Every structure is written in structure tokens, then in C-alpha cells.
Amino acid sequence: MKRILTSALLWFIGSTPSFALTFEKPIRLEGGGEPVRVESPGYAAPCWADVDGDGLKDLLVGQFRNGKIRVFKNQGGGKLAAGEWLQADGEVAEVPGVW
Amino acid sequence: MAGLFQILWGGPSGEFQAAEPLVGTDGEPLIIPIEGPSVQTENICTRPTAIDWDSDGDLDLVVGNFAGSFYLFTGLGNGKFEPTPQPIMSGDEPLRISGVHSDPFLIDWDGDGDIDILSGSGSGGVQWSENTAGVGKPPQLSSFQTLIDPGEQISYNTPTSENDLTGPASSTRIWADDVNNDGKLDLLVGDSVTLISIAEGLTLEQFKQKHTEWQKAVREASAEMNSVSDDQEKLQEALKRIQSLYASKADLMSEERTGFVWLYLQK
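Owing to the predicted nature of the structure, the values given are computational and were not obtained by experimental measurement.

Quick look at the sheet that holds strand β6 (residues 58-62) of chain A now. Backbone hydrogen bonds hold the strands of a sheet together, and the pairing may be parallel or antiparallel. Residues and elements named next belong to chain A. Strand order in the open sheet made by the 4 strands is β5-β6-β7-β10, with antiparallel pairing throughout. The open sheet has two free edges, formed respectively by β5 (45-49) and β10 (84-85), since each of these has just one partner strand. The pairing of β6 with strand β7 (residues 69-72) spans 4 bridges and is antiparallel. Of the residues in β7, the one forming a bridge with L59 is F72.

And the structure:
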């Protein structure tokens, strides 16, 4: 009911979106004190998931080059560790055919 | 091969196996079928998201592509999928983002109990398609609307360092979660950007002048190449000229193509 009333109010005052959220200015994430960045030619693809099972979600970032994925472990308190390549079968994981 | 969907199976101790393509119940790798050369962009740059889209208890795959549309591979449980995908519709039309490179992330964005679709785009920014169906009903998706405007486009003749960047550039890839644990969904946005440094010894004014001249020369060489496309000898000469021009770009500038990850915290 609250949403219906809010939508009606927005319609009445002439705003277009029926549901909108607002955000703070974007923050560039850092891992180990350095900006999280991917290798050339770019195309950073983030994922937020607990890959080490410590109860904190970590940042994984895929990239175009060789389809590699870097893991930035969550150290708590809003801090991410420096990135390490995700391993698969004991080697750096690669997702083939990224295109 | 481009367009397949790779899986890194996880193990009990947190380890992963090497990537392998997901296959359908026909034993063939899953891929979006194409019906002609005009639609080849439908099955490249595919981006999968696993979600129980049809509420049957099995994970399905909702995938994006270069064309900006979306397909559903219905999951049958235990990593098995129907081999033929269905286009995801908005009314009677295929659902499409504004721009190319659809990048589906599925979540109940508006808190009404059904699953909506968020997407990045080749042009940057974040878009969302509201599901108005309600809990447990077949999805009814609205056209995409802008959630976050594309960032300011960086001019190709403007030196840009990473310290100049204030937000995501182009080719956005997204993830939504409550990153700061305040009970509100936030957005992680990956991007692609070209950082440009002026060659040593050039002032900004000199760089801009030389870059304008360089662009003019490239345009002329390209026009020449198009005009002599039937003459192999002249065509090769034109190609060499263009290659030479691109090689000379290093005299003006250096470029670094990279990408960053940005966090939008919800207010």
C-alpha cells in the first residue's frame, strides 16, 4: 500500500519513474591499496561471492584477456586484499572463447 | 569457441576444476542457435546468469549477447539443460537493452517478490527491466529503463589518466548485492576504458593539433582505400599507408586499455 501511495504521489507531481533508487557517487574499488584493474583490453566483470568460505563475500573480477578471473579476498572492515588469480586444477583458471 | 557457456565445477574444499562447456540433454554444447548471417551477433559475447527463472526448483540460465537480447536455457536439475533456448520477451517483442552487450543480472530489485533483470551495456550505464508479474507467476517484463546513466564519453583526443576518472566508462558489467551490509542493494560495475598519455616532449596544444592532423590523414587514407577496392595493387598501397599512420600514433600518445570496478552504494 505504501508503494502504491508513493507511486500515485510521484505521478501526481509529474515524475516519471514509479520506482527509483538513489546512489552515492561511485567509488573505484581497491585491493591491497591499489585500484582493482584488469589487463588489456579491459572489460572488467565483477562478482561478489564468498569463495573461501570464511563468511565474507569476496570480489571476483573476470577479464577479456585469456578469460582469467582475479580474486580479491574480503578482509572485513571494507578492505579487500591484493588480487590473486583464481586457480582451477592447480593452475590459473582460464575461460576459453571469451568473446 | 565463442558463445559457449563454461562451468568451473566446485569441489568440497573450495577448489575448482578447469572450465568445460555446459551441454544440453542432446550432449552438445549449449549455444544460442543462429538462423542467418544477419543475426550472428545473437550468439557472441554471451554472458550467463544462473537463476531459478521458472520457479521449478532447478537453476536455469538467462544469458545475454552482443545483440543486446536475452535467452533462457531451461534447467532440468543436476547441471542439465534443455538444448534449445527460448528468447526472453517483453510483451510480444524480444526483450532488448538500449545498446548492445546485454549483461543480465537477476534479482528482486524493487522488493515486490518477483525477479527483475538488471543489465550493463556496451554504451555504459546500468538499465533495469521490471517484472510486474508478481510472486510465482510467469515473468512479465517491462522495457528497460535507465538506472544509472552512461558515464561521460571520453574524447579520443583528450589525455586521460586513471585519476581523471570519476565513474564507469563503457562496456559495463554489473553485480548487485548488499556490499556494505546496510540492508540495501548496491551495485558493482565493471567497465572498459582507454587511458591516454601524451608522448614525451609534446605540450597539450601540440598534441591536440597533431592528433587532429593524424585523424584527418586516417580519414583520407580510409576513403582512398574504399575508392580503390577493385585494384589490388592500389589497395595494398592504401593499406600500407593506414598501417604506417597507426604505427606513427606512438609519436603522439600512448594508450592503455584496461577496466576498473566501481561501487555504487545505495543511499
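Glancing now at unusual backbone geometry. Between S40(A) and P41(A) the backbone carries a cis peptide bond, its omega angle lying at 10°. Note that P41(A) resides in the loop between β4 (37-38) and β5. The phi angle at S55(B) is positive, at roughly 55°, despite the residue not being glycine. You can see S55(B) is positioned in the loop between β3 (47-51) and β4 (60-64). In this structure S55(B) comes out as exposed when scored by relative accessible area, which is 54%. For N78(B), which is not a glycine, the phi torsion comes out positive at approximately 55°. Residue position: N78(B) is located in the loop between β6 (75-77) and β7 (80-81).

On the side of chain A, 41 residues touch chain B, which itself brings 54 residues to the contact. Buried surface at the junction of chain B and chain A, summed over both partners, amounts to about 3,900 Å²; 60% is from carbon and sulfur atoms. On the chain B side of the contact with chain A, F16(B), R257(B) and V261(B) bury the most area, a combined 16% of that side's loss. Inspection of the chain B/chain A interface yields 3 salt bridges. The closest approach of N and O atoms between K57(A) and D177(B), which form a salt bridge, is 2.7 Å. Applying the counting rule to chain B against chain A returns 15 residue pairs in polar contact (both at pLDDT 80 or more).

Under the defined criterion, the tally for this structure stands at 11 salt bridges over all chains. Its salt-bridge partner being R241(B), residue E224(B) comes within 3.1 Å of it at the nearest N-O pair. Of the two residues, E224(B) sits in helix α1 (residues 204-227) while R241(B) sits in helix α2 (residues 232-248), which places them 17 residues apart along the sequence. The partly exposed category is assigned to R241(B), whose relative accessible area is 34%. What emerges from the salt-bridge pattern is a single network uniting R37(A), E162(B) and E256(B).

With that out of the way, let us pick up the layout of surface pockets. Roughly 500 Å³ of volume is contained in the second largest pocket. Residue lining of the second largest pocket: 25 residues in total, with W48(A), N74(A), G78(A), K79(A) and V179(B) positioned closest to the centre. For the lining of the second largest pocket, the secondary-structure elements that each account for two or more residues are β1 (27-28), β8 (74-76) and β9 (79-80) of chain A. Counting residues per element, the lining of the second largest pocket draws most heavily on β8(A), at 3 residues. Grouping the amino acids of the lining of the second largest pocket by side-chain chemistry returns 9 nonpolar, 10 polar and 6 charged.

All right, on to the sheet that holds strand β5 (residues 70-73) of chain B then. Residue and element names in this part refer to chain B. The sheet built from 4 strands is open, its strands ordered β3-β4-β5-β8 with antiparallel pairing. Whereas interior strands pair on both sides, the edge strands pair on one side only; in this sheet they are β3 and β8 (86-87). As defined by bridge partners, β4 adjoins β5 across 4 bridges and the pair is classed as antiparallel. In the sheet register, V62 faces β5, and the bridge partner there is L72.

The next point concerns α2(B). Residue and element names in this part refer to chain B. With 17 residues, α2 extends 24 Å between its outermost C-alpha atoms, agreeing within 8% with the 24 Å of an ideal straight helix rising 1.5 Å per residue. Residues of α2 that are buried: L235, A238, I242 and L245. Taken around the axis of α2, the buried residues stretch over an arc of 85°, which confines them to a single face. Across α2 from its buried face, at more than 90 degrees, point the exposed residues Q232, E233, K240, Q243 and A247. Where α2 is buried, its residues touch α1. Between the side-chain oxygen at the start of α2 and the backbone nitrogen of E233 there is a gap of 3.1 Å, and the oxygen is on D231.

Conventions used here
- Residues numbered from 1 in each chain as written.
- Chains lettered and ligands numbered in written order.
- Predicted model: local features only at pLDDT ≥ 70, side-chain atom pairs only at ≥ 80, totals over all residues.
- Heavy atoms only, no water.
- Pairing = 2+ DSSP bridges.
- Helix = DSSP H or I, 4+ residues; strand = E, 2+ residues; numbered from the N terminus.
- Buried < 20%, exposed > 50% of the residue type's maximum accessible area, 1.4 Å probe, protein only.
- Contact = heavy atoms within 4.5 Å.
- Buried area = accessible area lost by both parts, 1.4 Å probe.
- Salt bridge = Lys/Arg side-chain N within 4 Å of Asp/Glu carboxyl O.
- Polar contact = N/O pair within 3.5 Å; in protein donor to acceptor, adjacent residues only side chain to side chain.
- 1 Å grid on protein atoms, 1.4 Å probe; cavity = no way out; pocket = protein on both sides within 12 Å on 5 of 7 lines; lining within 4 Å.
- Points joined across faces, edges and corners; volume = space filled by probe spheres on them.
- Nonpolar A, V, L, I, M, F, W, Y, C, P; charged D, E, K, R; others polar.
- Expected span 1.5 Å × (residues − 1).
- Arc of directions from axis to C-beta.

Everything listed is a geometric property; what it means functionally is a separate question.
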